[in-house]
Amino acid sequence: MYNLSSAVDAIDVMIIELLAAEPRIGVLELSRRLKVARGTVQARLDRLQVRGIITGYGPDLDPAALGFAVMAFVTLEIRQHEGHDIVAVHLSTIPEVLEAHTITGSGDILCRIVARSNADLQRVIDEIVAYQGILRASTLIALAEQVRFRTLPLVRKASGG
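Residues numbered from 1 in each chain as written. Predicted model: local features only at pLDDT ≥ 70, side-chain atom pairs only at ≥ 80, totals over all residues. Heavy atoms only, no water.

### Some thoughts on the packing of helix 1 (residues 10–21) against helix 2 (residues 27–34)
Put simply, helix 1 and helix 2 touch, their axes get as near as 11 Å, and they point 125 degrees apart. Of the possible angle classes, the one that applies to helix 1 and helix 2 is oblique. Viewed along their axes, helix 1 and helix 2 form a crossing whose handedness is right-handed. Contacts between helix 1 and helix 2 involve M14, I15, L18 and L19 on the former and, on the latter, L30, R33 and L34. Per-class residue counts for the contact of helix 1 with helix 2 are six nonpolar, no polar and one charged. (Axes fitted to C-alpha atoms, helices over the stretch in contact; angles between N-to-C directions. Helix = DSSP H or I, 4+ residues; strand = E, 2+ residues; numbered from the N terminus. Parallel < 35°, antiparallel > 145°, perpendicular 65-115°, else oblique. Left-handed = near helix turned anticlockwise from the far one by under 90°. Contact = heavy atoms within 4.5 Å. Nonpolar A, V, L, I, M, F, W, Y, C, P; charged D, E, K, R; others polar.)

Shown next, in the form of structure tokens:
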């Protein structure tokens, strides 16, 4: 089992929090604000990346602001003999599929998808289920986001804070 207390320390948490609050902040400014040497900040960032804790620096995008105002979750049942990987390849070709995860329970794959409207959602679902390896889809439309996707509370917990 992975030891969470060794995942990050207080300085790592401060670096991550500053990057989350100000994604365009530079290493020099991070070191100035944290009162830590620039080399220390750079080494820690490198280590956080190598360990897979920091996975990217890209901008967070809002699908609704891009014109995709409808969000839905789709549970897929697949033909088991074809496997999950080939279905994942199909799903990855559909831009409106934001995420896909294999799951336990009554379904096999859970997808988070977006569409421009409810009518467009039908088009996206039709495109998803057009693949022969998918037997059935069950869709739930998200009405409102109650808790935005977040990871900072996990970072703080991993540091023991």
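The structure having been displayed, the exposition proceeds.
### A closer look at the pairing of strand 3 (residues 109–115)
For a regular strand, side chains alternate in direction, first toward one face of the sheet and then toward the other. Among the seven residues in strand 3, five count as buried, and that is most of the element. In this sheet, strand 3 lies alongside strand 1 (residues 70–78) in antiparallel orientation, the contact comprising seven bridges. Across the sheet, residue A72 finds its bridge partner in strand 3, namely I113. Across five bridges, the pairing between strand 2 (residues 97–102) and strand 3 is antiparallel. Within strand 3, the position partnered with V97 by the bridge is I113. With antiparallel pairing between neighbouring strands as the criterion, strand 2 and strand 3 make up a hairpin whose turn holds six residues, including G105 at a positive phi of roughly 105 degrees. (Buried < 20%, exposed > 50% of the residue type's maximum accessible area, 1.4 Å probe, protein only. Pairing = 2+ DSSP bridges.)

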